[in-house]
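Summary of structural features
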Amino acid sequence: MAMPRRSFIKNIGLGLTGFGLGARSIARSQPAVSSNSEKMLVKKPDHPEPAAFDRLPLSWYKQTVMRLKEKAAEKGAEAVLIQDPWNIIYFTGLFHSTTERPFYALFPVKEDALYWYHPGLDRDLVASWWNTENEYYFDYLHAEGAFPNKGKVVQGKTVDLFAWLLEGLKKRGFGGKTIAVDSEFPSSKLKRASEILPQAKFIDISDICLKMRMVKTKEEIALAQRAMDYFSKVHAFARDFILQKGTDATDFDVQQAAIKYGTDLIMKDIKRDGKPHTAVGISVSVGCRTGAATAYPHPNQFFHKKIERGDALQVSGGVRIGGYGGELYRYYQILPWDSHRQKLWQVVTDCVRIQEEESKAGKTCSEVAYKIHQHQVKNRVEKYIYHRPAHGEGMEGHQPPWLALGDYTVLEEGMMFSVEPGLYDSERGFGYNPSDNLLVTKKKGILMSSVPYSREWMILKL
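Now for a look at the structure at hand. (Residues numbered from 1 in each chain as written. Predicted model: local features only at pLDDT ≥ 70, side-chain atom pairs only at ≥ 80, totals over all residues. Heavy atoms only, no water.)

1. Here's the deal with the overall build of the protein
In terms of helices and strands, the protein carries 13 helices and 18 strands. The C-alpha radius of gyration of the protein comes to 24 Å, within 12% of the 23 Å expected for a compact globule of 462 residues. By its C-alpha atoms, the protein is 70 × 50 × 40 Å across when sized along the principal axes. By the burial criterion, 56% of the 462 residues in the protein qualify as buried. Long-range pairs, those at least 24 residues apart, make up 71% of the contacts in the protein with a sequence separation of at least 6. By element, 51% of the accessible surface of the protein is carried by carbon and sulfur atoms, the whole surface being about 19,700 Å². (Helix = DSSP H or I, 4+ residues; strand = E, 2+ residues; numbered from the N terminus. Rg over C-alpha atoms; globule rule 2.2 N^0.38 Å. Buried < 20%, exposed > 50% of the residue type's maximum accessible area, 1.4 Å probe, protein only. Contact = heavy atoms within 4.5 Å. Areas by Shrake-Rupley, 256 points an atom, 1.4 Å probe, with all protein chains shown as cover.)

If you want it as structure tokens, here you go:
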């Protein structure tokens, strides 16, 4: 149901989810695909205006940090320490690769400054971005005094990098201060902190950080809309590819060709010079599976099957620009089909509309989920329900809140969700699962793609 988030995390600093030689081979060996499907895309009047910029400006991050510091100060904090990779990207704008190497950002509440504690391999990224001052260790595991890049090759004592951070906070004058952190320290770290900074107090503000990330600003929404506009065109390309290649193509062919098309489409518009901080947070992830593989929410097999008449087929994935975007799936049926498939397809489509109409500010997640599940059960398709209707959508993909019966979070304007009231029939070997990027507003949810939810679009004859 989701894009490969681990790949996105690993590659977010590099900017682009890669594609293999297969995509290039397809592009060379096959004729261009015409774009008749693009004429069927429906640009909705309530869509937000797409961004003209490729990433959020540094001024946006500084304003966002000011809001965070104000909220932290209300709890008595004198500094904010960020260590969660998604929070670092969200609050500082420093897109970086996440590994086992500890990475920290420190914001003094009453000082316009950003202090970094980070691995040495990121020293150029940090120094060329928003940076008041930075300290780095050579690498993980770091040996005391060892900096080969400075000509110091020694086999010193293994450094406790959390203790190294605490010593850095002490040098900054925060040894006896109240420090807000974006994740609760385990007992082992609390013990270490009490030894090195016995007068310091640590308070957990992870809920504040998460809530800020959950409710998007107009700039974030604009970037997401731009990504969804591109992704709609990628889906149009994939639909044309399926219609033109028909049963000669595999689902793998569809995936690779769509990734190549989408990457070229987006990158021709991205201003970049090959150096850090441009072309960041870009991912083009497209999936395709046909036949029995569609019958499982999270299948675990590799997809390389010829498309056949009578197959259910799903085109899925996620596209992001500057870290923002969302999911977009469509659930195709290659004719022929029968009354059972028609019923499940129709119930899924009805539930998309229910989520769209019910996702308004003031409703709870549970209320929206209840309406969708109620419709499924009323139509006697409960056997084919496998999961909640949606998850919150953020940089990391799955993000709270959850459109689930047990989540009573109140929807707010600016929240985003996936759209996944899917149904799966493993006995007959097919399933239909949609998705979209849904923006919560006062009156309803806005589906941010331009791809139709119609039989004309999704019921295909080869």
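2. Quick word on the packing of helix 4 (residues 85–92) against helix 8 (residues 206–214)
Where helix 4 meets helix 8, the axes come as close as 11 Å, and the angle between the chain directions of the two elements is 60 degrees. As summarised for this structure, helix 4 and helix 8 are arranged oblique, according to the angle between their axes. The two elements helix 4 and helix 8 cross, and the hand of that crossing is left-handed. Contact residues: helix 4 offers Trp86, Asn87, Tyr90 and Phe91, while helix 8 offers Cys209, Met212 and Arg213. Of the residues belonging to the contact of helix 4 with helix 8, the class tally is five nonpolar, one polar and one charged. (Axes fitted to C-alpha atoms, helices over the stretch in contact; angles between N-to-C directions. Parallel < 35°, antiparallel > 145°, perpendicular 65-115°, else oblique. Left-handed = near helix turned anticlockwise from the far one by under 90°. Nonpolar A, V, L, I, M, F, W, Y, C, P; charged D, E, K, R; others polar.)

3. A few points about the pattern of salt bridges
Evaluated as defined, the whole model comprises 25 salt bridges. Residue lysine 444 pairs with aspartate 46 through a salt bridge whose shortest N-O separation is 3.5 Å. Taken together, the positions of lysine 444 in the loop between strand 16 (438–440) and strand 17 (445–447) and aspartate 46 in the loop between helix 2 (21–29) and helix 3 (58–73) put the pair 398 residues apart, joining distant regions of the chain. Linking arginine 330 and aspartate 436 is a salt bridge whose minimum nitrogen-to-oxygen distance equals 3.1 Å. With a gap of 106 residues between them, arginine 330 in strand 10 (residues 330–334) and aspartate 436 in the loop between strand 15 (430–432) and strand 16 connect regions that are remote in the sequence. You can call arginine 330 buried: its relative accessible area is 0%. Connected through salt bridges with shared partners, the residues Asp46, Arg353, Glu356 and Lys444 form a single ionic network. (Salt bridge = Lys/Arg side-chain N within 4 Å of Asp/Glu carboxyl O.)

4. Focus on the nonpolar core
Among the nonpolar cores identified, the biggest contains 110 residues, and Leu68, Val80 and Tyr432 are the most heavily contacted of them. Not counting chain neighbours up to four residues away, the residues in contact with tyrosine 432 comprise Ala312, Tyr331, Tyr332, Gln333, Trp337, Arg341, Leu344, Trp345, Val348, Gly422 and Leu423. Listed in part, the 24 residues of the second largest apolar core include Tyr115, Tyr137, Phe185 and Phe202. (Core = buried A, V, L, I, M, F, W, Y, C linked by side-chain atoms within 4.5 Å.)

5. Structural notes on helix 12 (residues 365–378)
Structurally, the α-helix is built with 3.6 residues per turn, so residues lying three or four positions apart point the same way. Look at helix 12: 20 Å from first C-alpha to last across 14 residues, which is about the 20 Å you get at 1.5 Å a residue. Within helix 12 the residues assigned to the buried category are Cys365, Ser366, Val368, Ala369, Ile372, His373, His375 and Gln376. Check the buried side of helix 12 and you find it contacts helix 11 (339–358), strand 12 (397–403), strand 13 (416–417) and strand 14 (423–425). Phi for arginine 380, located one or two positions after helix 12, is positive at around 60 degrees. (Expected span 1.5 Å × (residues − 1).)

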